[in-house]
Amino acid sequence: MILVILNVLKILRRMYSREDFINALFDDNEGTGYGDTNNQVCHYKTKQQFLDDTTSELFSVNPFNRWKVTDNMKNISLLFEVDEGGLTAKEQIKLFLSSGIPFTTMTYSGGKSMHVIIRFNNSFEGTNWSYQWWYTIARVLKKYGIICDERARLVTQISRVPDVIREDTQKKQTLIYVRDRVDHTTMLEWIKQNGEMVYKPKEPKEIDYTANFNNNEADDQKFRIANKWTENKYGKYIQSNQSGNWNWLFLYGQNCFTKGLELNYAINYANIEFGTTTQGSGGSFQVADAIKAGWLWMQKKK
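To keep things clear, this report deals only with the structure shown in the data block. (Residues numbered from 1 in each chain as written. Predicted model: local features only at pLDDT ≥ 70, side-chain atom pairs only at ≥ 80, totals over all residues. Heavy atoms only, no water.)

**Side note on the overall build of the chain**
The helix and strand inventory of the chain stands at eleven helices and 14 strands. Burial analysis of the chain (302 residues in total) assigns 50% to the buried set. Here the analysis covers contacts within the chain between residues at least 6 apart in sequence; of these, 70% occur between residues at least 24 apart. By element, 50% of the accessible surface of the chain is carried by carbon and sulfur atoms, the whole surface being about 15,500 Å². (Helix = DSSP H or I, 4+ residues; strand = E, 2+ residues; numbered from the N terminus. Buried < 20%, exposed > 50% of the residue type's maximum accessible area, 1.4 Å probe, protein only. Contact = heavy atoms within 4.5 Å. Areas by Shrake-Rupley, 256 points an atom, 1.4 Å probe, with all protein chains shown as cover.)

**Structural notes on the packing of aromatic side chains**
All told, the structure shown has 21 aromatic pairs when counted by the stated rule. Residues F103 and Y177 carry aromatic rings whose centres are separated by 6.0 Å and whose planes lie at 80° to one another, so their mutual orientation is edge-to-face. Residue F103 is located in the loop between α5 (89-98) and β7 (105-108), and its partner Y177 is located in strand β12 (residues 175-178); the two are separated by 74 residues in the primary sequence. For the pair formed by F103 and Y177, the shared burial category is buried. (Phe/Tyr/Trp six-rings, centres within 6.5 Å; stacked < 30°, edge-to-face > 60°.)

**Looking at the environment of L296**
The topology assignment puts L296 in helix α11 (residues 287-301). Between the C-alpha atom of L296 and that of F257, which follows or precedes it by 39 residues, the distance is 8.2 Å.

**Topic: the sheet that holds β12**
Adjacent strands of a sheet pair through backbone hydrogen bonds, lying either parallel or antiparallel. The strand order across the open sheet built from four strands is β6-β8-β7-β12, with neighbouring strands paired in antiparallel fashion. The open sheet terminates on both sides in strands that have one partner only, identified here as β6 (75-81) and β12. Averaged over all pairs of adjacent strands, the angle between strand axes in this sheet comes to 15°, irrespective of strand direction. Bridge analysis of β7 against strand β8 (residues 113-119) gives four bridges, and the strand direction is antiparallel. (Pairing = 2+ DSSP bridges. Axes fitted to C-alpha atoms, helices over the stretch in contact; angles between N-to-C directions.)

**Looking at the sheet that holds strand β3 (residues 58-60)**
Sheet architecture is open: four strands sit in the order β2-β1-β3-β9, paired in antiparallel fashion. The open sheet is flanked by β2 (44-45) and β9 (158-160), the only strands paired with a single partner. Here two bridges tie strand β1 (residues 32-35) to β3, and the two strands are oriented antiparallel to one another. Residue pairing in the sheet places G35 in a bridge with L58 of β3.

**Quick notes on α5**
Turning to α5, its buried residues are Q92, I93 and F96. End-on view of α5: buried residues confined to an arc of 100°, all on one side of the axis. Of the exposed residues in α5, the ones pointing more than 90 degrees away from its buried face are K90 and K94. Looking at the packing, one finds that the buried side of α5 touches β6, β7, β8, α6 (127-143) and β12. After α5 finishes, the residue G100 shows a positive phi value of roughly 75°. (Arc of directions from axis to C-beta.)

**Examining empty space enclosed by the protein**
For the structure shown, the criterion picks out one cavity of 30 Å³ or more. Element by element, the count of residues in the lining of the largest cavity is highest for β6, at three residues. The residue makeup of the lining of the largest cavity, split by class, is five nonpolar, five polar and one charged. (1 Å grid on protein atoms, 1.4 Å probe; cavity = no way out; pocket = protein on both sides within 12 Å on 5 of 7 lines; lining within 4 Å. Points joined across faces, edges and corners; volume = space filled by probe spheres on them. Nonpolar A, V, L, I, M, F, W, Y, C, P; charged D, E, K, R; others polar.)

**Observations concerning the pattern of salt bridges**
Inspection of every chain in the model, using the stated rule, returns eleven salt bridges. For D53, the salt bridge is made with R18, and the minimal N-O distance between the two is 3.9 Å. Remark: R18 occurs in helix α2 (residues 18-25) and D53 occurs in the loop between α4 (47-52) and β3; sequence separation between them is 35 residues. Among the ionic pairs, D28 bridges to K47, the shortest N-O distance being 3.0 Å. Of the two residues, D28 is situated in the loop between α2 and β1 and K47 in helix α4; the sequence distance between them amounts to 19 residues. Residue classification places K47 among the buried positions, given a relative accessible area of 6%. Here the salt bridges do not stand alone but share partners, grouping D27, E30, R119 and R181 into one network. (Salt bridge = Lys/Arg side-chain N within 4 Å of Asp/Glu carboxyl O.)

**So, the nonpolar core**
Counting residues in each nonpolar core, the largest one holds 60 residues, and the members touching the most others are L78, F96, I101, I118, I137 and M187. Ignoring any residue separated from it by four or fewer positions in sequence, one finds I118 in contact with K74, N75, I76, L78, I101, P102, F103, T104, I137, V182 and M187. One finds I22, F26, F50 and V161 within the second-largest nonpolar core, a separate group that totals 13 residues. (Core = buried A, V, L, I, M, F, W, Y, C linked by side-chain atoms within 4.5 Å.)

**Here we look at the side chain of T107**
Here T107 shows up in strand β7. When its relative accessible area of 0% is taken as the criterion, T107 is described as buried.

**A few points about the environment of V198**
Relative to the assigned elements, V198 resides in the loop between α7 (184-193) and α8 (219-234). Each C-alpha atom of the pair V198 and W129 lies 8.9 Å from the other, and the pair is 69 residues apart in sequence. Those residues in contact with V198 that sit more than four places away from it in its chain are W129, Q132, W133, T136, L188 and I191.

**Overview of the side chain of N75**
Within the fold, N75 resides in strand β6. The class of N75 is buried, set by a relative accessible area of 3%. Reaching out from N75, the side chain makes a polar contact with the backbone oxygen of V61 at a distance of 2.7 Å. (Polar contact = N/O pair within 3.5 Å; in protein donor to acceptor, adjacent residues only side chain to side chain.)

Written out as structure tokens, the structure reads:
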């Protein structure tokens with residue numbers, strides 16, 4: 001009897017479609033970004049365009065509003081290594097499910113990780129609240145032996161699209177589960193049952209500088225301030241990160257424009273500080289490309 005049930009579950013799992021996946025994560029009026037590189041993912045597309053696309057490997061976890069992630073943040077991304085602690089992928093999945101966590105989708109990356117996304121029914125009050133929920137969920141999962149990658153906490157996180165072949169590994173990005181969306185109250189109950197609590201985020205410290213063009217300010221000071229603004233949102237830049245660097249550098253480019261640092265200086269300072277190339281979930285890219293994209297977007301917006 002148990003064997004029959006397991007076989008039925010396997011059949012049901014194979015019935016999950018890419019369309020089910022997208023519908024579970026996005027409403028009809030919510031667009032997102034998708035593509036094969038971090039740069040492509042930063043460009044807005046409608047949900048229907050995403051449904052029609054059948055080749056892209058990557059997408060933005062949270063909805064876009066044209067050029068940026070919206071304040072209507074409802075998705076949390078959890079990423080963990082499938083070979084963590086010498087366990088197989090199946091063993092890691094079993095360990096994750098044993099936690100009883102409510103979640104919406106699970107996808108095998110075609111590489112070394114599982115990508116789990118929790119789609120909440122209601123928005124977070126802000127980025128800081130989104131991060132508080134992420135860290136609390138990660139603490140609970142750690143009790144079950146699941147170590148989540150901290151880089152996945154970003155509201156601008158990029159994840160893997162199921163049912164396509166990943167170019168660098170030639171393995172399929174496999175959709176494993178599609179479940180319901182989650183209420184905050186349901187997740188909070190699970191958190192409390194595991195001895196944790198979501199605490200109110202600390203209020204950000206006031207910054208003693210203003211966002212404006214100031215030609216009397218030294219360029220190196222503008223760079224330091226733009227860098228600091230970016231760190232305040234995303235933390236310190238880490239060149240070895242496998243994801244998130246495009247978003248970090250894109251925002252840095254925006255902040256350089258806001259602070260009045262010319263594009264060539266913004267790139268030169270970054271190349272000295274961070275290097276000329278870096279890694280993203282879509283492979284390596286030029287640091288200058290991400291900075292230029294952010295800087296020029298602000299120029300267009302102005």
